[in-house]
Amino acid sequence: MMSSGEQGFQLVMELNEYEDLGGMHLSNPLQQARKKAYNHLLRARIFPLLDRCLVMTDILLEHYRSVPGLKPGVAFLKVPMTVDLERFSTRWPECDYRKPYIAYCGTSSFAKDGVDILIRSFAAISNQYPGLNLYLATYWHADGPRMLELIRETGLGKRIIYLGPLDREEIPPFLQHASVLALPRPDSKQARGGFPTKLGEYLATGNPVCVTRVGEIPGYLHHDESAFMAEAGSVDSFIAALSCALGDEVHAARVGKRGRAVAETCFSMDVQAKRIYDFLKA
């Protein structure tokens, strides 16, 4: 078999999580078999041809750098994520959501994004902030039924609102007009290896962000400085983070502004595109 270099081109891949994660939650035997075959193809046929590789985190860098059978001299570049800052810099018109509100945008997954922790945390502070609402813009797959059941159990169905997935153009105003943006991501192999792209969008709004200390997130953000941080998997800790963000609007606005500065420095589409261009050109 000829290598990619011998054919006059280079093989470049972008890998943002462990290759085996896609099959972790599959229950259909056919899907499991297809994923197993795909992983075998990656290891046996594709990785040996690899010339350059973009990865999201240091842990993925070490993981893929140590894959058996790689050609000598394969080049790696860590690119945590990219966000179009201009998309969130435009001042969008008010949307129809009842303000003030906490916003979450992502999946309904308890294991991946901690939606159950967010719901329980909001329920715990709901009496302290009687006018506050929680909007969940999530896909139904993963834990949709469990999510709705948990909302019913809280008795806050009029204040915890499931929106379903939003269209691309609906996301910027939804995030921009929120009082707080929340991401209570639990600790997991996926969280340790990957990096949540929604966090870049949160930070790009300049609004205060509550997020857990998991994976490489603490390498970019610091508690009470550029975000309000909580311990992964802890409802009590996330309650504390939300209380910090909601308790002092002036201070929260300063934290949000510094979070935006982190996005400009580390996650900007323009900054990362130049790094990728230089990497591919070298």
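Preceding block: the structure.
Residues numbered from 1 in each chain as written. Predicted model: local features only at pLDDT ≥ 70, side-chain atom pairs only at ≥ 80, totals over all residues. Heavy atoms only, no water.

Some thoughts on the overall build of the protein chain
Now for step 1: In terms of regular secondary structure, the protein chain is built from 12 helices and nine strands.
Now for step 2: Relative to the globule expectation of 19 Å for 282 residues, the C-alpha radius of gyration of the protein chain, 20 Å, shows essentially globular dimensions.
Now for step 3: Principal axes of the C-alpha set define a box for the protein chain whose edges measure 65 × 45 × 30 Å.
Now for step 4: Scored against the burial criterion, the 282 residues of the protein chain give a buried share of 49%.
Now for step 5: Across the protein chain, every contact between residues at least 6 apart in sequence was considered, and the portion connecting residues at least 24 apart equals 73%.
Now for step 6: Carbon and sulfur atoms make up 54% of the accessible area of the protein chain, which amounts to about 13800 Å² in all.
Now for step 7: The averaged location of the 32 negative side-chain charges in the protein chain is 2 Å from the averaged location of its 32 positive side-chain charges. (Helix = DSSP H or I, 4+ residues; strand = E, 2+ residues; numbered from the N terminus. Rg over C-alpha atoms; globule rule 2.2 N^0.38 Å. Buried < 20%, exposed > 50% of the residue type's maximum accessible area, 1.4 Å probe, protein only. Contact = heavy atoms within 4.5 Å. Areas by Shrake-Rupley, 256 points an atom, 1.4 Å probe, with all protein chains shown as cover. Lys, Arg positive; Asp, Glu negative; His and termini not counted. Charge placed at Lys NZ, Arg CZ, Asp CG, Glu CD.)

Describing the layout of surface pockets
Now for step 1: Considered as a void within the structure, the largest pocket measures approximately 590 Å³ in volume.
Now for step 2: For the largest pocket, the lining is made up of 30 residues, of which Lys-112, Phe-195, Pro-196, Thr-197 and Lys-198 are closest to its centre.
Now for step 3: Counting residues per element, the lining of the largest pocket draws most heavily on helix 9 (residues 197-204), which supplies three residues.
Now for step 4: Counted by class, the lining of the largest pocket contains 15 nonpolar, eight polar and seven charged residues. (1 Å grid on protein atoms, 1.4 Å probe; cavity = no way out; pocket = protein on both sides within 12 Å on 5 of 7 lines; lining within 4 Å. Points joined across faces, edges and corners; volume = space filled by probe spheres on them. Nonpolar A, V, L, I, M, F, W, Y, C, P; charged D, E, K, R; others polar.)

Things to note about the side chain of Asp-116
Now for step 1: Tracing the backbone shows Asp-116 in helix 5 (residues 115-125).
Now for step 2: Among buried Asp, Glu, Lys and Arg side chains, Asp-116 stands out as unpaired, with Arg-120 the closest opposite charge at 4.8 Å.
Now for step 3: Other than its neighbours up to four places away in sequence, Asp-116 contacts Phe-110 and Leu-150. (Salt bridge = Lys/Arg side-chain N within 4 Å of Asp/Glu carboxyl O.)

Here we look at helix 10 (residues 235-247)
Now for step 1: Helix length check: helix 10, at 13 residues, gives a terminal C-alpha distance of 18 Å against a target of 18 Å (1.5 Å per residue), a fit within 8%.
Now for step 2: Of all the positions in helix 10, only Ser-237, Phe-238, Ile-239, Ala-241, Leu-242, Ala-245 and Leu-246 are classed as buried.
Now for step 3: Among the structural elements, strand 4 (101-106), helix 5, strand 7 (180-183), strand 8 (209-213), strand 9 (228-231) and helix 11 (249-267) are those in contact with the buried residues of helix 10.
Now for step 4: Between a side-chain oxygen at the N-terminus of helix 10 and the backbone nitrogen of Ser-237 the separation is 3.0 Å; the capping residue is Ser-234. (Expected span 1.5 Å × (residues − 1). Polar contact = N/O pair within 3.5 Å; in protein donor to acceptor, adjacent residues only side chain to side chain.)

Focus on the pairing of strand 5 (residues 133-138)
Now for step 1: Within strand 5, six of the six residues are buried, leaving the element largely enclosed by the surrounding structure.
Now for step 2: Across the two faces of strand 5 the burial is the same, with Asn-133, Tyr-135 and Ala-137 and Leu-134, Leu-136 and Thr-138 all buried.
Now for step 3: Of the pairings in the sheet, the one linking strand 4 to strand 5 comprises six bridges and is parallel in character. Along strand 5, the bridge assignment pairs Ile-102 with Leu-134.
Now for step 4: The handedness of the strand 5 to strand 6 (residues 160-162) crossover, carried by helix 6 (residues 144-154), is right-handed. (Pairing = 2+ DSSP bridges. Right-handed = clockwise from strand over helix to strand, strands pointing away.)

With respect to the sheet that holds strand 6
Now for step 1: Judged by pairing direction, the sheet is parallel, and its six strands sit side by side in the order 6-5-4-7-8-9 without closing on themselves. Lying at the two open borders of the sheet, with one neighbouring strand each, are strand 6 and strand 9. Shown here is a sheet whose adjacent strand axes are inclined to one another by a mean of 25°, direction ignored.
Now for step 2: Bridge analysis of strand 5 against strand 6 gives three bridges, and the strand direction is parallel. Counterpart to Leu-134 in the pairing with strand 6 is Ile-160.
Now for step 3: In the packing of helix 6 onto the sheet, the strands contacted are strand 5 and strand 6, and the crossing angle to strand 6 comes to about 160°. (Axes fitted to C-alpha atoms, helices over the stretch in contact; angles between N-to-C directions.)

Comments concerning the pairing of strand 4
Now for step 1: With respect to burial, strand 4 is a largely interior element, six of its six residues being buried.
Now for step 2: Judged from the two bridges that link them, strand 4 and strand 7 form a sheet pairing that is parallel. Note that in strand 7 the partner of Ala-103 across the bridge is Leu-181.

Section: the nonpolar core
The nonpolar side chains of soluble globular proteins are, as a tendency, buried together.
Now for step 1: One finds Phe-174 and Leu-221 to be the most contacted residues of the largest nonpolar core, which totals 81 residues.
Now for step 2: Setting aside chain neighbours within four positions, we find Phe-174 in contact with Cys-95, Tyr-97, Tyr-101, Ala-103, Tyr-104, Cys-105, Tyr-135, Ala-137, Leu-163 and Leu-166. (Core = buried A, V, L, I, M, F, W, Y, C linked by side-chain atoms within 4.5 Å.)

Remarks on the environment of Arg-258
Now for step 1: Positionally, Arg-258 belongs in helix 11.
Now for step 2: Apart from the residues lying within four places of it in its own chain, the contact partners of Arg-258 are Asp-224, Glu-225, Ser-226 and His-251.

Details of the side chain of Asn-39
Now for step 1: For Asn-39, the position within the fold is in helix 1 (residues 29-46).
Now for step 2: Since its relative accessible area comes to 16%, Asn-39 is described here as buried.
Now for step 3: When residues no more than four places from it in sequence are discounted, the contact partners of Asn-39 are Glu-19 and Asp-20.

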